[in-house]
Amino acid sequence: MNLIFSATMYQLFNAINMVENGLVEEGQSDLLLSWATDFSPIIDGLRGSHLFREIYEVEGYLPTERHFKRELSTEEREQIWREPASFTQFPDFESHYQHLYTAVDDIYVKMLYYHLLQDNEHIDIHFYDEAIAQYFKDYGERATIGDHRPEYYGDRTFEKHIVEYYLYEPELYCGSPLNCPIPRLPKMTGENPARGFLRKLYKNWTVPMDELRGKHLFFVDAFIDKLAVVEDIRMLDYIASVTGKDDILIKMHPREGFDRFSGRGYTLMKNYGIPWEAQLLMGVPENMSVITVSSNAAMSAKLVYGLELYTVFLYQMPVVGASNLLKVMPKFKVFMKNMSGLCNTENGTTLFIPKSFEELRENMLYIGGMIHE
């Protein structure tokens, strides 16, 4: 039996891609959803599809995880690792699982693994693509987060049982070495059997193409949720001085609960609670661009679909907080260099990473000319 864990709409999107393409182990698969995001737009359709034998649900776990990391002693955390169900919520699973599929390796997922291990001698862990951070994060650091005590579980420790690591572009991986294969996750092109299922699942929740045509779509990062200070508004206002506000559409991050933009005259993209990748599934006009400081979703058109959308990343701009990503995750710069090689070829340039306001102005004038020609 397989258990597939998804905590966001995009994780679920990729999990379905794996199931529909026969990339999970033979046998039935159950799905565990964590309501870190709102699955209500598609949950009825998902249940009615019978793609999964059972669908279990738990509440969002981020507050519990923060409490675990910040407020408990080492001794308390060590005891919780031995008995995860004493600390956090797990469903009453009806089956034993030999395979756990996950897009993240946070504390909750590790607790889930050790909870399942109480009734199993061995569980294989399969990772699937979730964000560009998976291409460059240092796995060695992630494997021991949260005072994890590998010696207690010996050879059954979480990181010793990762058997594969699915990515849309395996050759772009630049994190620490993995002791497992990195297979390719099938792109969402016309022949992918997951397309029909996903289009039906999301068909009532996408933005009409006319609302995107000729627009610069600005992806908001979850800086407020992460308590990070980044002058994204300053950069956005500068872009508006070049393009005009009417040509800019704001896509809020699911965890960005405060609208900082409407009051400044910007138009927000309708929020149906689905991932950008599902919008791409329904189609987007070629004459548009995406702009962000560091949002994962901005690269989805290329990574997931192989589409060539003009894309601008602002993380190297000379404003407060923009370069923090490079300090916290130094391999991000390596990944973006590799990504530039994938996007920028002799056939043209589609990925722009300006380092000054003058360069940003030139980039926006060029892109504006291209999408409005």
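Reading the values: rules and limits
Residues numbered from 1 in each chain as written. Predicted model: local features only at pLDDT ≥ 70, side-chain atom pairs only at ≥ 80, totals over all residues. Heavy atoms only, no water. 1 Å grid on protein atoms, 1.4 Å probe; cavity = no way out; pocket = protein on both sides within 12 Å on 5 of 7 lines; lining within 4 Å. Points joined across faces, edges and corners; volume = space filled by probe spheres on them. Helix = DSSP H or I, 4+ residues; strand = E, 2+ residues; numbered from the N terminus. Nonpolar A, V, L, I, M, F, W, Y, C, P; charged D, E, K, R; others polar. Pairing = 2+ DSSP bridges. Axes fitted to C-alpha atoms, helices over the stretch in contact; angles between N-to-C directions. Contact = heavy atoms within 4.5 Å. Buried < 20%, exposed > 50% of the residue type's maximum accessible area, 1.4 Å probe, protein only. Lys, Arg positive; Asp, Glu negative; His and termini not counted. Salt bridge = Lys/Arg side-chain N within 4 Å of Asp/Glu carboxyl O. Polar contact = N/O pair within 3.5 Å; in protein donor to acceptor, adjacent residues only side chain to side chain.

In this section: the layout of surface pockets. A probe matching the size of a water molecule, rolled over the atoms, marks out where space remains unfilled. What the second largest pocket holds in volume is close to 180 Å³. Residue lining of the second largest pocket: Pro 41, Ile 42, Gly 45, Ser 49, Phe 197, Lys 200, Leu 201, Lys 203, Asn 204 and Trp 205, and that is the complete set. For the lining of the second largest pocket, the secondary structure elements donating two or more residues are helix 2 (43-49) and helix 8 (194-202). A class-by-class count of the residues in the lining of the second largest pocket yields five nonpolar, three polar and two charged.

This brings us to the sheet that holds strand 2 (residues 29-35). What the six strands build is an open sheet, ordered 3-2-1-4-5-6; its pairing is parallel. A single partner strand is all that each edge strand has here, and the edge strands are strand 3 (55-59) and strand 6 (162-165). This sheet shows a mean twist of 20 degrees between the axes of neighbouring strands, independent of strand direction. Looking at chain direction, strand 1 (residues 2-6) and strand 2 are connected through five bridges and run parallel. Paired with Ile 4 across the two strands is Leu 31, which belongs to strand 2. Docked against the sheet, helix 1 (residues 9-20) engages strand 1, strand 2 and strand 4 (99-102), running at close to 150 degrees with respect to strand 1. Helix-sheet contacts for helix 5 (residues 107-117) involve strand 1, strand 2, strand 3, strand 4 and strand 5 (124-127), and the interaxial angle to strand 1 is about 160 degrees.

Counted according to the given criterion, the structure contains two cavities of 30 Å³ or more. A volume near 60 Å³ is recorded for the largest cavity. Ala 298, Met 299, Ala 301, Lys 302, Leu 307, Glu 308, Leu 309, Thr 311, Cys 343, Thr 350 and Leu 351 are the residues that line the largest cavity. For the lining of the largest cavity, the residue count by class is seven nonpolar, two polar and two charged. Within this model, the second largest cavity holds a volume of roughly 40 Å³. Forming the boundary of the second largest cavity are Tyr 61, Thr 64, Glu 65, Phe 68, Phe 87, Thr 88, Ile 107, Tyr 108 and Met 111. Listing elements by their share of the lining of the second largest cavity, those giving two or more residues are helix 3 (62-71) and helix 5. When grouped by side-chain class, the residues that make up the lining of the second largest cavity number six nonpolar, two polar and one charged.

Another aspect to go through is unusual backbone geometry. Notably, His 50 is not glycine yet its phi reads approximately 60 degrees, a positive angle. Among the residues examined, His 50 registers a relative accessible area of 66% and is labelled exposed.

Tracing the backbone shows Glu 164 in strand 6. For the buried residue Glu 164, which engages in no salt bridge, the nearest side chain bearing the opposite charge is Arg 184, 13 Å off. A distance of 2.6 Å separates a polar atom in the side chain of Glu 164 from a polar atom in the side chain of His 126.

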